[in-house]
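# Overview (structure and organization)
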Amino acid sequence: ITRDIESRMDPNDADLIHVPWKLSHTDDNGQTSNGAHIQSDVVGPNNNDSSTVYPSMSYLDLRRIQNTEWATDRLREGVRLAKEGKATEAEECYKEGLDLVPTHAQLFVAYGALCANLGRTREAMDKLEYALELDPNVANAQAYINVIRNKVPPRQAGSVSRSQTAMKDALMERSFLQEKKSSADNQNEKY
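Notes on the structure in this doc start here. (Residues numbered from 1 in each chain as written. Predicted model: local features only at pLDDT ≥ 70, side-chain atom pairs only at ≥ 80, totals over all residues. Heavy atoms only, no water.)

In the contact formed by helix H5 (residues 121-134) and helix H6 (residues 141-151), the axes pass within 9 Å of each other and the chain directions differ by 155 degrees. With respect to H6, the axis of H5 lies roughly antiparallel. At the point where H5 passes H6, the crossing takes the left-handed sense. Mapping the contact onto sequence places Thr 121, Ala 124, Met 125, Leu 128, Glu 129 and Leu 132 in H5 and Ala 141, Gln 142, Tyr 144, Ile 145, Ile 148 and Arg 149 in H6. Grouping the constituent residues of the contact of H5 with H6 by class yields eight nonpolar, two polar and two charged. (Axes fitted to C-alpha atoms, helices over the stretch in contact; angles between N-to-C directions. Helix = DSSP H or I, 4+ residues; strand = E, 2+ residues; numbered from the N terminus. Parallel < 35°, antiparallel > 145°, perpendicular 65-115°, else oblique. Left-handed = near helix turned anticlockwise from the far one by under 90°. Contact = heavy atoms within 4.5 Å. Nonpolar A, V, L, I, M, F, W, Y, C, P; charged D, E, K, R; others polar.)

See the structure below:
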């Protein structure tokens, strides 16, 4: 995603990728922290001011980290809501998280599990299989797939699909209506 954004940027704006922003925090005791939890290799304007840190990561990297954290929060909220039986709200949480991070494998697993619990097995399988494509080691995806496969019987060779059944019913109804119309026409000819 980052490369894609960088490739679409105006070359004159290339220096926006590494925008230096100032991070410092004063706690309740008046102590100033330098934001050491953020990767940095540049300290203060004179390289000796320990109260201010200019991170070396780009804005896009920071944004990606923030989006991932927010998507993970949406995942937790969705799981909580699903456990409470609020499927619609949980699904919204999963969708919001995937809007920000469309490659969040755990969100796909949770969303797939929700779909399976709602009886939307094909959609559940798609989401779970995609989660495994994103991360083959993602927790629970394969387990949920196995549960769904065990609960949904595989289509047998001689079985008829839903669309085939619908077509057969439509043709039978059409045939029935044509016979009824033809017999009504025959009765009108007798009189």
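Here we take up helix H2 (residues 59-83). End to end, H2 covers 36 Å across 25 residues, agreeing with the expected 36 Å (1.5 Å per residue, within 8%). Residues of H2 that are buried: Leu 60, Leu 62, Asn 67, Ala 71, Arg 74, Leu 75, Gly 78 and Leu 81. Following H2 by one or two positions, Gly 85 adopts a phi angle in the positive range, close to 85 degrees. (Expected span 1.5 Å × (residues − 1). Buried < 20%, exposed > 50% of the residue type's maximum accessible area, 1.4 Å probe, protein only.)

Non-glycine residue Asn 140 carries a positive phi angle of around 75 degrees. Summarising the element assignment, Asn 140 is placed in the loop between H5 and H6.

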